[in-house]
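Understanding the architecture of this molecule
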Amino acid sequence: MTNQAFTWAAAQATGNAHIAEALPLQDAMAFRVIQGADGKTWIAAAVADGAGSAPLADKGARAASAAFVGALAHALKYIPKPDLPRIVINAVATARIVVERLAHARDVPIEHLSTTLLGCLTRGDETLVVQIGDGAIVVGPPWLVALTPQRGEYANTTRFLTEPDWREHIEVGHIAAPIGTIVLVTDGLEELVVTPARLQPHGAFFERLRTELRQAEPHSEAAALSAWLAGFLDSPAVRSRTDDDTSIIAIQLEGATS
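Within any chain, residue numbers begin from 1 and follow the written order of that chain's sequence. Predicted model: local features are reported for residues with pLDDT of at least 70 only, side-chain atom pairs are reported and counted for 80 or more only, and whole-chain, interface and lining totals are derived from all residues. Note: side-chain values were computed over all heavy atoms of the structure, leaving out hydrogens and water.

Describing the sheet that holds strand S5 (residues 127–132)
For clarity, the threshold we go by: Strands are treated as partners if at least two bridges between them are detected by DSSP. Think of it this way: any DSSP run of H or I at least four residues long counts as a helix, any run of E at least two long counts as a strand, and we number them from the N terminus. Axis definition: a line fit to C-alpha positions, over the contact stretch in the case of helices; interaxial angles, taken between N-to-C directions, run 0 to 180 degrees. In this analysis, two residues are considered to be in contact whenever any of their non-hydrogen atoms come within 4.5 Å of each other.
Sheet architecture is open: five strands sit in the order S2-S3-S4-S5-S8, paired in antiparallel fashion. The open sheet terminates on both sides in strands that have one partner only, identified here as strand S2 (27–35) and strand S8 (171–175). Mean inter-strand twist for the sheet, computed between neighbouring axes without regard to direction, equals 10 degrees. Those strands touched by helix H2 (residues 57–78) are S2, strand S3 (41–49), strand S4 (117–122) and S5, and its axis lies near 10 degrees from that of S2. In the packing of helix H3 (residues 84–106) onto the sheet, contacts are made with S3, S4, S5 and S8, and the angle to S5 comes to roughly 35 degrees.

As for the pairing of strand S9 (residues 181–185)
Inclusion rule: Only protein chains enter the accessibility calculation, which uses a 1.4 Å probe. A residue is then buried if its area is under 20% of the maximum for its type, exposed if over 50%, and partly exposed in between.
Counted residue by residue, S9 has five buried out of five residues, so it is predominantly covered. Of the two faces of S9, the one carrying Thr181, Val183 and Val185 and the one carrying Ile182 and Leu184 are both buried. The pairing of strand S6 (residues 136–140) with S9 spans five bridges and is classified as antiparallel. Along S9, the bridge assignment pairs Ala136 with Val185.

A look at the environment of Ile251
Mapped onto the elements of the fold, Ile251 is located in strand S13 (residues 246–257). Ile251 has contacts with Thr7, Trp8, Phe31, Ile43, Ala45, Cys120, Gly180, Thr181, Ile182 and Leu213, leaving out every residue within four places of it along the chain.

Re the packing of helix H5 (residues 203–215) against helix H6 (residues 223–233)
Here is the rule: Geometric relationships in this document are graded by angle, where less than 35 degrees denotes roughly parallel, more than 145 denotes roughly antiparallel, 65 to 115 denotes roughly perpendicular, and other angles denote oblique. Note on residue categories: nonpolar means Ala, Val, Leu, Ile, Met, Phe, Trp, Tyr, Cys or Pro, charged means Asp, Glu, Lys or Arg, and polar means any other residue, Gly included.
Relative orientation of the contacting elements H5 and H6 amounts to 155 degrees, with a least axis distance of 10 Å. One way to sum up the angle between H5 and H6 is to call them roughly antiparallel. For the pair H5 and H6, the contacting residues are Phe205, Arg208, Leu209, Glu212 and Leu213 in the first and Leu225, Trp228, Leu229 and Phe232 in the second. Grouping the constituent residues of the contact of H5 with H6 by class yields seven nonpolar, no polar and two charged.

Some details on unusual backbone geometry
Note: most residues except glycine have negative phi, and most peptide bonds are trans. Omega for the bond connecting Gly140 with Pro141 falls within 30 degrees of zero, at -5 degrees, which places this linkage in the cis form. Structurally, the position occupied by Pro141 is in the loop between S6 and strand S7 (144–145). In this structure, the amide linkage connecting Pro141 to the following residue, Pro142, adopts the cis form with an omega of -5 degrees. Relative to the elements of secondary structure, Pro142 occurs in the loop between S6 and S7. Although it is not a glycine, Ala22 adopts a positive phi angle of roughly 55 degrees. By the secondary structure assignment, Ala22 is in the loop between helix H1 (16–20) and S2. Of note, the phi angle at Asp107 is positive, near 55 degrees, even though the residue is not glycine. Mapped onto the secondary structure, Asp107 falls in the loop between H3 and S4.

Here we look at the packing of H2 against H3
The condition that has to hold: By definition, turning the near helix anticlockwise from the far helix through less than a right angle yields a left-handed crossing, and turning it clockwise yields a right-handed one.
Contact geometry of H2 with H3 gives a least axis separation of 8 Å together with a crossing angle of 140 degrees. One element, H2, and the other, H3, form an angle in the oblique class. The hand of the H2/H3 crossing is right-handed. For the pair formed by H2 and H3, the contact residues are Lys59, Gly60, Ala63, Ala64, Ala67, Phe68, Ala71, Leu72, Ala75 and Leu76 on the first element and Leu84, Ile87, Val88, Ala91, Val92, Thr94, Ala95, Val98, Val99, Leu102 and Arg106 on the second. Residue composition of the contact of H2 with H3, by class: 17 nonpolar, two polar and two charged.

Observations concerning the side chain of Asp49
Within the secondary structure, Asp49 sits in strand S3. Contact partners of Asp49, with chain neighbours within four places excluded, come to Gln26, Asp27, Ser114, Thr115, Thr116, Asp134, Phe160, Thr186, Asp187 and Asp244.

Observations regarding the nonpolar core
The test is simple: For our purposes a nonpolar core is just a set of buried Ala, Val, Leu, Ile, Met, Phe, Trp, Tyr and Cys residues, chained together by side-chain atoms within 4.5 Å.
Counting 38 residues, the largest nonpolar core has Phe68, Leu72, Val92, Leu117, Leu121 and Leu161 as the members making the most contacts within it. For this core, the elements supplying multiple residues, two or more each, are S2, S3, H2, H3, S4 and S5. Broken down by element, the residue count for this core peaks at 11 residues, all from H2. Apart from residues lying up to four places away in sequence, Leu121 is in contact with Trp42, Ile43, Ala44, Leu72, Leu76, Leu84, Val88, Glu126, Thr127 and Leu128. Judged by nonpolar contacts, the second largest core, of 26 residues, contains Val193, Leu225, Leu229 and Val238.

Next comes the structure, spelled out in structure tokens:
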């Protein structure tokens, strides 16, 4: 059987604008290690960025990210030969349904919970990525932006899982080749680690993540890297360049045969 040695790190910070207005962190993230019915270890992860104009954006983002990884875990545990693109799209649909139900339970329009959603499902030698909205999913090395961040009709706008035509904006990528590192970031961090015009990741930043993840204890969080990332997100270097919430999940997979 082929297993994966994996490590991960994650961090978030509330943006300056939200702190000034006494608003909660409106980003969310979720991470799950899944032992699949196919005998393989899968990693599911998601980040979500609640719309700043939405009154319950934080709750929408948390519900969407948790529902996405939960749906993937449920499917992979019971389907020995999964249709991976369909499972990922269904997980996005599940996230949408969960947010809809939350809006109904609170008797508010779904737009009050508006959120983006970025996710991945990987076992190292095969990876699915999915995106509705802005933010970035970076894979490598070599470092590439897996899907193009989505922009709305006007400046500083994007697409949301909560829009009526949300299905039209699902972008899915299927990478059928080994990938060592996958990094998900929300919009607040996107332009600090990816050159916007060329969608070129800043290699030095991602190489540092990769190096520290590979040095961490297998099958666990790279706690030192998570702590460094938390400090980085809270640093003047970041806060002077973005007022938005920031979130990052970095995952490293190394093949191991047993």
